[in-house]
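Survey of secondary and tertiary structure
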Amino acid sequence: MNDLTPGLDPLIEVPLYRAAHGRTGDKGDRSNISVIAWRAEFYPLLLEQLTPERVAAQFRHRAPSNVQRFVLPKLHAMNFVLDAVLDGGVNDALNLDAHGKALSFLLLDMPIQIPRALEPLLAGP
C-alpha cells in the first residue's frame, strides 16, 4: 500500500486494536485468536492485511509450526489457529501465561494501514 497513490485516500498506519478487538483461547499446545472488526468498514482491510503469513511473522519469537485463518464474514471476524505456541500446553509450560491469554494483545498491537477517510471510525486514542 502506498500513501501517495493518485486518486486514492492517503493511508495511515494504526495498531490493529484501533480497528478490531480480540479474544484468545487454547487447547493443548494450540492457541486460537479471534479478531473482530469494530466496524464493518474495517473488515475488508483486515482480510487483506491479516494473512496467516503476517500473523506467523508477528509470532515468530513463539515459532508456530502452523498458522491457519478461518474467516467469519457475517460476524466481520476471523479466527487464527496457531500450533505449537504454548510451550507444550498448560500442563507442560513453565511460562507465566500458560494459557496464552495475552497472545491476543500481541496480535492486536500489529500495525495495519487504513485509508485516512476511515480514521474517525477508529476506536481509542
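The structure presented is a predicted model; accordingly, all values stated were derived computationally and were not measured. (Residues numbered from 1 in each chain as written. Predicted model: local features only at pLDDT ≥ 70, side-chain atom pairs only at ≥ 80, totals over all residues. Heavy atoms only, no water.)

**Details of the overall build of the protein chain**
To keep things clear, this is the line we draw: Secondary structure elements are defined from DSSP: runs of H or I of at least 4 residues count as helices, runs of E of at least 2 residues count as strands, and each element is numbered from the N terminus. Three exposure classes are used, based on accessible area relative to the maximum for each residue type with a 1.4 Å probe and protein chains only: buried under 20%, partly exposed in between, and exposed over 50%. By the convention used here, residues are in contact when the closest approach between their heavy atoms is within 4.5 Å. The Shrake-Rupley method, run with a 1.4 Å probe, gives the accessible areas here. Residue values count only the displayed protein chains as cover.
For the protein chain, the helix and strand inventory stands at 3 helices and 6 strands. Starting at the N terminus, the α and β elements of the protein chain follow one another as β-β-β-α-α-β-β-α-β. Counting only residues that meet the buried cut, the protein chain has 36% of its 125 residues in that class. Sequence-distant contacts in the protein chain: of pairs separated by 6 or more residues, those separated by 24 or more amount to 64%. Put simply, the protein chain shows about 7,100 Å² of open surface, and 57% of that area lies on carbon and sulfur atoms.

**A closer look at unusual backbone geometry**
Phi is positive for alanine 63, which is not a glycine, with a value near 50°. Its identity as a non-glycine residue notwithstanding, alanine 84 has a phi of 60°, on the positive side. Looking at the element boundaries, alanine 84 is found in the loop between β5 (77-83) and α3 (103-108). Judged by its relative accessible area of 33%, alanine 84 is partly exposed.

**What to know about the sheet that holds strand β4 (residues 66-72)**
Where strands meet in a sheet, backbone hydrogen bonds hold them as pairs that are either parallel or antiparallel. The cut-off we apply is this: The pairing criterion for strands is at least two bridges between them, as found by DSSP. Axis geometry follows a simple rule: fit a line to the C-alpha atoms, using only the stretch in contact for helices, then measure angles between N-to-C directions, giving values from 0 to 180 degrees.
As summarised here, the arrangement of the 4 strands in space is β2-β3-β5-β4, forming an open sheet in which the pairing is antiparallel. Since the sheet does not close on itself, it has two edges, and those belong to β2 (20-27) and β4, each with one partner. Going across the sheet, the axis of each strand differs from the next one's by a mean of 20°, ignoring polarity.

**Observations concerning the side chain of arginine 18**
The test is simple: Positive residues here are Lys and Arg, negative ones are Asp and Glu, while His and the chain termini are left out of the count. By convention in these notes, a salt bridge is any Lys or Arg side-chain nitrogen within 4 Å of a carboxyl oxygen on Asp or Glu. Throughout this description, a polar contact denotes any pair of N or O atoms lying within 3.5 Å of each other; where both atoms belong to protein, one of them has to be capable of donating a hydrogen while the other can accept it, and for residues adjacent in sequence the pair is counted only when both atoms sit in side chains.
Tracing the backbone through its elements, the reader meets arginine 18 in the loop between β1 (11-15) and β2. Although arginine 18 is buried, it makes no salt bridge; glutamate 119 carries the closest opposite charge, 5.4 Å away. Only 2.7 Å separates the side chain of arginine 18 from the backbone oxygen of alanine 123, close enough to count as a polar contact. Arginine 18 has contacts with Trp38, Phe42, Leu122, Ala123, Gly124 and Pro125, leaving out every residue within four places of it along the chain.

**Some thoughts on the nonpolar core**
Put simply, the rule reads: Residues enter a nonpolar core if they are buried and are Ala, Val, Leu, Ile, Met, Phe, Trp, Tyr or Cys, with the set joined through side-chain atoms within 4.5 Å.
Grouped together as the largest cluster of nonpolar side chains are 29 residues, with contacts concentrated most on Leu16, Val35, Leu46, Leu50, Phe80 and Leu107. Elements with a minimum of two residues in this core: β1, β3 (30-37), α1 (43-49), β5, α3 and β6 (111-115). Other than its neighbours up to four places away in sequence, leucine 46 contacts Leu16, Ala20, Val35, Ala37, Arg69, Met78 and Ile112.

**Side note on the pattern of salt bridges**
A full pass over the atoms with the stated rule returns 3 salt bridges. A salt bridge links glutamate 41 to arginine 39; the nearest nitrogen and oxygen atoms lie 3.5 Å apart. Judged by its relative accessible area of 36%, glutamate 41 is partly exposed. We note a salt bridge from glutamate 119 to arginine 116, for which the minimum N-O separation is 3.4 Å. Here glutamate 119 falls in the partly exposed class, since its relative accessible area comes to 33%. Judged by its relative accessible area of 42%, arginine 116 falls in the partly exposed class.

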